[in-house]
Amino acid sequence: MKSILTMTTAFLLLLLATQPVFAQGAGIEWDILNQEVMELTRAGKYDRGVVVAKKALEVAEKNVGHNHPDVAASLNNLGGLYRAQGKYAQAEPLLKRALAILEKTLGPDHRTVALSLNHLAELHRARGPYAQAEPPYKRALAIKEKALG
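Residues numbered from 1 in each chain as written. Predicted model: local features only at pLDDT ≥ 70, side-chain atom pairs only at ≥ 80, totals over all residues. Heavy atoms only, no water.

Q: Sorry, what's going on with the overall build of the chain here?
A: Tallying secondary structure elements over the chain gives seven helices and zero strands in all. Beginning at the N terminus, the succession of helices and strands in the chain can be written as α-α-α-α-α-α-α. Sequence separation of at least 24 residues holds for 56% of the intrachain contacts in the chain that already meet a minimum separation of 6. About 9100 Å² of surface is accessible on the chain, with carbon and sulfur atoms providing 62% of the total. (Helix = DSSP H or I, 4+ residues; strand = E, 2+ residues; numbered from the N terminus. Contact = heavy atoms within 4.5 Å. Areas by Shrake-Rupley, 256 points an atom, 1.4 Å probe, with all protein chains shown as cover.)

Written out as structure tokens, the structure is:
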């Protein structure tokens, strides 16, 4: 009986300790879905990855609203999958929305903004014309250099 009480108390303390973490982000379901998206992407299973990435985006928007960095991460993931499939017209608005969210929430010089700029530059590089890829690449590099400086 004492061990059950100890385990229950430990579980409740763990639950109370982790509650604020979930309030700050999109939650455990979103984390699990994103992990699955990464695994599907690595395996080249882009069609299934798109389905899971859409679900992750839905969960993030429901849990943290439409203008949160976790939503931007989901948008970048979905946009990257579309880019990998050659669906550039579908990828571009997602990647631009992700960039706008990150600039607004984290500031224009945040390293995560640089990563998002790289995603957009990669889209332009893949789709062409190459000249469109240069500005986001340069801006991302400037952010990274500023962070190291």
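Now that the structure has been shown, the text picks up again.
Q: What exactly am I supposed to notice about the layout of surface pockets here?
A: Once rolled over the atoms, a probe with the size of a water molecule shows which space is left empty. Quantified by volume, the largest pocket comes out at close to 210 Å³. Looking at the largest pocket, the residues that line it are Met38, Thr41, Asn76, Asn77, Gly79, Gly80, Leu81, Arg83, Ala84, Leu95 and His119. Within the residue set of the lining of the largest pocket, elements represented by two or more residues are α2 (28–42) and α4 (69–84). At seven residues, the largest contribution of residues to the lining of the largest pocket is made by α4. Among the residues forming the lining of the largest pocket, the class breakdown is four nonpolar, six polar and one charged. (1 Å grid on protein atoms, 1.4 Å probe; cavity = no way out; pocket = protein on both sides within 12 Å on 5 of 7 lines; lining within 4 Å. Points joined across faces, edges and corners; volume = space filled by probe spheres on them. Nonpolar A, V, L, I, M, F, W, Y, C, P; charged D, E, K, R; others polar.)

Q: Explanation requested: the environment of Ala131 in the structure shown.
A: The topology assignment puts Ala131 in the loop between α6 (111–127) and α7 (134–148). You can call Ala131 exposed: its relative accessible area is 57%. (Buried < 20%, exposed > 50% of the residue type's maximum accessible area, 1.4 Å probe, protein only.)

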